[in-house]
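Spelled out, the chains give:
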Amino acid sequence: MRFMMIVKATTDSEAGVMPSQELIDAMQKYNEELVKAGVLLAADGLQPSTNAIRISYPEPGGKPKMMDGPFTEAKEIIAGYTLIEVKSREEAIEWALRMPDPHGFGQGEIELRQVFEVEDLMENTETLAKETALRKQVHEQHKS
Amino acid sequence: MSSSQAHRTIDAIWRMESAKLIAGLTRMVRDVGLAEDLAQDALVIALERWAETGIPDNPGAWLMTTAKRRAIDFIRRSKLRDQKYVEIGHSINLYTEDDVDQTLDGEIGDDLLRLIFMTCHPVLSQDARVALTLRLLCGLTTDEIARSFLVAESTVAQRIVRAKRTLSAEKIPFEVPAREEMKDRMSAVLEVIYLMFNEGYSATSGDHWIRPLLCQEALRLGRILAEITPHEQEVHGLVALMEIQASRLKTRVNAKGEPILLMDQNRAKWDQLLIHRGLAALDRSRKLGQTLGPYSLQAAISACHAKARSEAETDWIRIAALYEALARATPSLIVELNRAVAISMAFGPAFGLQIVDELNIEPSLQGYHLLPSVRGDLLAKVGRHDEARTEFERAASMTQNTRERELLFQRAANLRVDRST
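Treat the numbers as computed from the prediction; the structure is a model and nothing was measured. (Residues numbered from 1 in each chain as written. Chains lettered and ligands numbered in written order. Predicted model: local features only at pLDDT ≥ 70, side-chain atom pairs only at ≥ 80, totals over all residues. Heavy atoms only, no water.)

1. Digging into the overall build of chain B
Turning to step 1, where the next piece is worked out: The helix and strand inventory of chain B stands at 19 helices and zero strands.
Turning to step 2, where the next piece is worked out: Residues counted as buried form 54% of the 421 residues belonging to chain B.
Turning to step 3, where the next piece is worked out: For chain B, contacts bridging at least 24 residues in sequence account for 64% of all contacts bridging at least 6.
Turning to step 4, where the next piece is worked out: For chain B, the exposed area adds up to about 19300 Å²; of that, 51% sits on carbon and sulfur atoms. (Helix = DSSP H or I, 4+ residues; strand = E, 2+ residues; numbered from the N terminus. Buried < 20%, exposed > 50% of the residue type's maximum accessible area, 1.4 Å probe, protein only. Contact = heavy atoms within 4.5 Å. Areas by Shrake-Rupley, 256 points an atom, 1.4 Å probe, with all protein chains shown as cover.)

2. Observations concerning the overall build of chain A
Turning to step 1, where the next piece is worked out: From N to C terminus, chain A includes five helices and six strands.
Turning to step 2, where the next piece is worked out: In chain A, the succession of helices and strands from N to C terminus is β-α-α-β-β-β-β-α-β-α-α.
Turning to step 3, where the next piece is worked out: Counting every atom, chain A has about 8700 Å² of accessible surface; 58% of that belongs to carbon and sulfur.

3. A word on the packing of helix α2 (residues 21–36) of chain A against helix α3 (residues 89–98) of chain A
All names here are of chain A.
Turning to step 1, where the next piece is worked out: Taken N-terminus to C-terminus, the directions of α2 and α3 make an angle of 155 degrees; their axes are 10 Å apart at the nearest point. For the element pair α2 / α3, the angle class is roughly antiparallel. Residues Y30, E33 and L34 of α2 form the contact with α3, whose participating residues are W95, A96 and R98.
Turning to step 2, where the next piece is worked out: Per-class residue counts for the contact of α2 with α3 are four nonpolar, no polar and two charged. (Axes fitted to C-alpha atoms, helices over the stretch in contact; angles between N-to-C directions. Parallel < 35°, antiparallel > 145°, perpendicular 65-115°, else oblique. Nonpolar A, V, L, I, M, F, W, Y, C, P; charged D, E, K, R; others polar.)

4. Comments concerning the confidence of the model for chain B
Turning to step 1, where the next piece is worked out: Looking at chain B as a whole, its pLDDT mean stands at 86, while 88% of the residues score no less than 70.
Turning to step 2, where the next piece is worked out: Residue range residues 93–105 of chain B is modelled with pLDDT below 50. Its contacts to residues more than four positions away, or to other chains, number 20 contacts. (pLDDT = per-residue confidence, 0-100.)

5. Focus: the pattern of salt bridges
If charged atoms from side chains of opposite charge come close, those side chains can pair.
All names here are of chain A.
Turning to step 1, where the next piece is worked out: Summed over the entire model, instances satisfying the criterion amount to 38 salt bridges over all chains.
Turning to step 2, where the next piece is worked out: Among the ionic pairs, E109 bridges to K8, the shortest N-O distance being 3.7 Å. Taken as a pair, E109 in the loop between α3 and β6 (110–114) and K8 in strand β1 (residues 2–8) lie far apart in primary sequence, 101 residues in all.
Turning to step 3, where the next piece is worked out: Relative accessible area serves as the criterion here: at 11%, K8 is assigned to the buried category. (Salt bridge = Lys/Arg side-chain N within 4 Å of Asp/Glu carboxyl O.)

6. Concerning the environment of B:V239
All names here are of chain B.
Turning to step 1, where the next piece is worked out: Position of V239 among the secondary structure elements: in helix α11 (residues 233–246).
Turning to step 2, where the next piece is worked out: Its relative accessible area of 5% is what places V239 among the buried residues.
Turning to step 3, where the next piece is worked out: Along the sequence, V239 and G278 sit 39 residues apart, while their C-alpha atoms lie 6.9 Å from each other.
Turning to step 4, where the next piece is worked out: Setting aside its immediate chain neighbours within four residues, V239 contacts G222, R223, A226 and A281.

7. Description of the packing of aromatic side chains
Residue and element names in this part refer to chain A.
Turning to step 1, where the next piece is worked out: What the rule picks out here adds up to three aromatic pairs over all chains.
Turning to step 2, where the next piece is worked out: When the centroid spacing of 6.5 Å and the interplanar angle of 70 degrees are considered together, the rings of Y30 and W95 count as edge-to-face. Pair noted here: Y30 is in helix α2 and W95 is in helix α3, with a separation of 65 residues, a long-range link.
Turning to step 3, where the next piece is worked out: Among the residues examined, Y30 registers a relative accessible area of 3% and is labelled buried. (Phe/Tyr/Trp six-rings, centres within 6.5 Å; stacked < 30°, edge-to-face > 60°.)

8. Focus on the sheet that holds β1(A)
Turning to step 1, where the next piece is worked out: If you trace the four strands from one edge of the open sheet to the other, you get β2-β5-β1-β6 (chain A), paired in antiparallel fashion. This sheet does not close on itself; its edge strands, each paired only once, are β2 (40–45) and β6 of chain A. The sheet shows a mean angle of 15 degrees between the axes of neighbouring strands, taken without regard to direction.
Turning to step 2, where the next piece is worked out: Here β1(A) runs beside strand β5 (residues 78–85) of chain A; their pairing, made up of seven bridges, is antiparallel. Its bridge partner being in β5(A), A:R2 is matched across the sheet by A:E85.
Turning to step 3, where the next piece is worked out: Its contacts with the sheet place α3(A) against β1, β5 and β6 of chain A, and it is angled at close to 160 degrees to β6(A).
Turning to step 4, where the next piece is worked out: Helix α12 (residues 272–287) of chain B rests against β1, β2 and β5 of chain A of the sheet, and its axis sits at about 95 degrees to β2(A). (Pairing = 2+ DSSP bridges.)

9. Points about the packing of helix α13 (residues 294–307) of chain B against helix α14 (residues 316–329) of chain B
All names here are of chain B.
Turning to step 1, where the next piece is worked out: Axis separation between α13 and α14 bottoms out at 9 Å; the angle between their running directions is 165 degrees. When the axis of α13 is compared with that of α14, the two are roughly antiparallel. As for the relative orientation of α13 and α14, their crossing is left-handed in sense. Across the interface between the two elements, P294, L297, Q298, A300, I301, C304 and H305 from α13 touch W316, R318, I319, L322, Y323, A325, L326 and A329 from α14. (Left-handed = near helix turned anticlockwise from the far one by under 90°.)

10. A look at unusual backbone geometry
Turning to step 1, where the next piece is worked out: Following A:G69, the chain continues to A:P70 via a peptide bond in cis, the omega torsion being 0 degrees.
Turning to step 2, where the next piece is worked out: Here A:P70 is to be found in the loop between β4 (65–68) and β5.
Turning to step 3, where the next piece is worked out: Although it is not a glycine, B:R30 adopts a positive phi angle of roughly 60 degrees.
Turning to step 4, where the next piece is worked out: Structurally, the position occupied by B:R30 is in the loop between α1 (3–29) and α2 (32–53).

11. A look at the environment of A:D12
Turning to step 1, where the next piece is worked out: Within the fold, A:D12 resides in helix α1 (residues 11–14).
Turning to step 2, where the next piece is worked out: Leaving out residues up to four positions away in the same chain, A:D12 has contacts with A:V17, A:H103 and A:F105.

12. What to know about the pairing of β5(A)
All names here are of chain A.
Turning to step 1, where the next piece is worked out: Burial within β5 is extensive, with six of its eight residues counted as buried.
Turning to step 2, where the next piece is worked out: Bridge count between β2 and β5: five bridges; the pairing is antiparallel. Across the sheet, residue D44 finds its bridge partner in β5, namely Y81.

13. Here's the deal with helix α16 (residues 349–359) of chain B
For an α-helix, 3.6 residues make a turn, and residues three or four places apart therefore share a direction.
All names here are of chain B.
Turning to step 1, where the next piece is worked out: Within α16, burial applies to G352, L353, I355, V356 and L359. Take α16 and look down its axis: the buried residues cluster within an arc of 165 degrees, on one side only. Residues Q354 and E358 are exposed on α16 and point more than 90 degrees away from its buried face.
Turning to step 2, where the next piece is worked out: Those residues of α16 hidden inside the fold are in contact with α15 (333–347) and α17 (370–381). (Arc of directions from axis to C-beta.)

14. A short note on a nonpolar patch on the surface
Residue and element names in this part refer to chain A.
Turning to step 1, where the next piece is worked out: Together, I53, I55, Y57 and M66 give the surface a local cluster of nonpolar side chains, amounting to about 480 Å² of exposed area.
Turning to step 2, where the next piece is worked out: Looking at the secondary structure, you find I53 in strand β3 (residues 53–56).
Turning to step 3, where the next piece is worked out: Overall, I53 belongs to the exposed group, its relative accessible area being 53%. (Patch = residues over 30% accessible without salt bridge, like charges linked within 9 Å, V, L, I, M, F, W, Y side chains within 5 Å.)

Listed below in structure tokens is the structure:
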């Protein structure tokens with residue numbers, strides 16, 4: 001299953017302030033870890049919303065409305081994303097927890113979202129069975 | 001956090017860390033079975049400790065420290081203590097020399113690579129290699145492996161136990177082979193990963209046409225291998241092949257679980273991200289050398305399909321040429337059969353049929369259901385419907401996959417309908 005770790009924008013990222021060398025190093029190390037675990041699919045940082053265009057449809061079936069950035073409400077803007085492929089929700093959470101605090105200064109926020117997969121619907125019973133088997137295994141390991 | 005939630009989290013951590021743990025411990029104790037036991041012990045301690053203290057900030061390091069302490073305890077207690085010390089001392093000297101592979105990067109990468117080479121060692125049977133790799137490198141349970149291969153759990157457990165015993169009895173070293181031997185051994189490693197992927201991509205028997213778990217694990221392993229051996233052309237070729245094939249996973253079966261052939265697949269549903277990753281990996285492979293190996297060539301063929309927006313837009317001439325190259329790199333009747341299909345698409349069914357007719361008398365292909373299946377297809381295209389129907393029926397009687405059999409019978413039946421109208 002795939003998850004997207006969405007890094008929310010902060011006042012700094014929106015102002016175009018580049019991250020500190022320390023953070024860049026930490027991110028690089030983290031990304032290397034993702035690659036070595038074979039789970040990284042894609043990761044990118046986005047430019048500030050000064051550069052962005054927002055297209056909205058205020059009237060159903062009507063013409064789109066275009067708005068140039070920058071946008072306010074930094075928390076709702078995305079500053080970057082990392083797409084991973086993992087085996088469980090718990091694994092995704094664990095990876096997200098290991099991601100360095102994106103900006104510091106108390107504003108860092110990562111949102112974890114699962115990507116829709118067609119086979120999830122198809123393989124549902126199997127996944128369920130696997131999940132049960134895993135729990136059984138952990139339980140047994142705990143006993144031994 | 002509820003206790004079942006905690007268990008699931010710890011299980012996820014185990015999955016993320018177990019291969020690294022086992023690899024690091026194998027370097028210490030020189031025994032992959034013992035290393036796995038020590039890693040499991042550390043996990044059991046973690047399950048008890050973390051339930052009270054919560055999960056530490058760096059669970060991987062915690063597990064490694066705990067497991068290493070146990071390994072040291074074990075070595076101290078061991079009767080073979082002195083011998084082990086000598087062995088460890090000896091091997092440490094051996095592995096710090098950089099002559100093994102200058103492309104290696106970082107200690108964990110080294111250990112993981114050694115573990116891959118060990119679990120894919122030619123001294124083990126193909127089945128054992130796959131089972132052991134899935135267990136030690138992918139962290140799958142014997143139960144999961146058993147279900148993926150439709151065999152009894154006890155069979156898999158036995159296979160793994162025997163494999164570990166063989167490795168220790170044969171004193172298989174925990175190492176990346178030297179340059180000359182590397183090539184052969186690398187191809188064994190790639191074979192295991194590809195076998196794993198193929199088993200998931202098109203099951204040889206049973207009711208399920210695809211088993212996504214195996215594909216995912218093979219892809220994950222391939223990606224790891226590409227990261228730790230970035231200069232191996234065929235590693236990137238294999239990754240490219242798997243990424244592109246995987247991009248079609250969702251379109252290979254319909255809602256009823258019946259297979260959909262490449263030409264009938266909904267290309268809009270092909271996973272563009274995986275195609276993109278596959279093409280990038282193929283590009284890396286191309287940059288490493290002019291002559292593409294068998295995996296890279298197959299990836300290049302797959303890429304032709306991935307890039308075409310429809311069957312009509314497919315560059316069949318290029319595909320036929322790539323099959324030609326593949327036939328030279330790894331001559332095989334199966335490649336020849338595929339080349340026949342490509343040629344029939346590029347230059348017309350009659351040309352393909354000529355090659356298939358020659359293959360039809362090959363004794364070694366007599367039990368291979370795809371031969372009559374392809375022949376049936378070409379015969380139908382040139383209008384020889386009666387012969388085509390016979391071939392489809394012959395193919396159906398040969399395949400072990402129930403879904404595929406249904407499809408072939410359907411094609412035979414369709415020809416009957418065609419004729420009556």
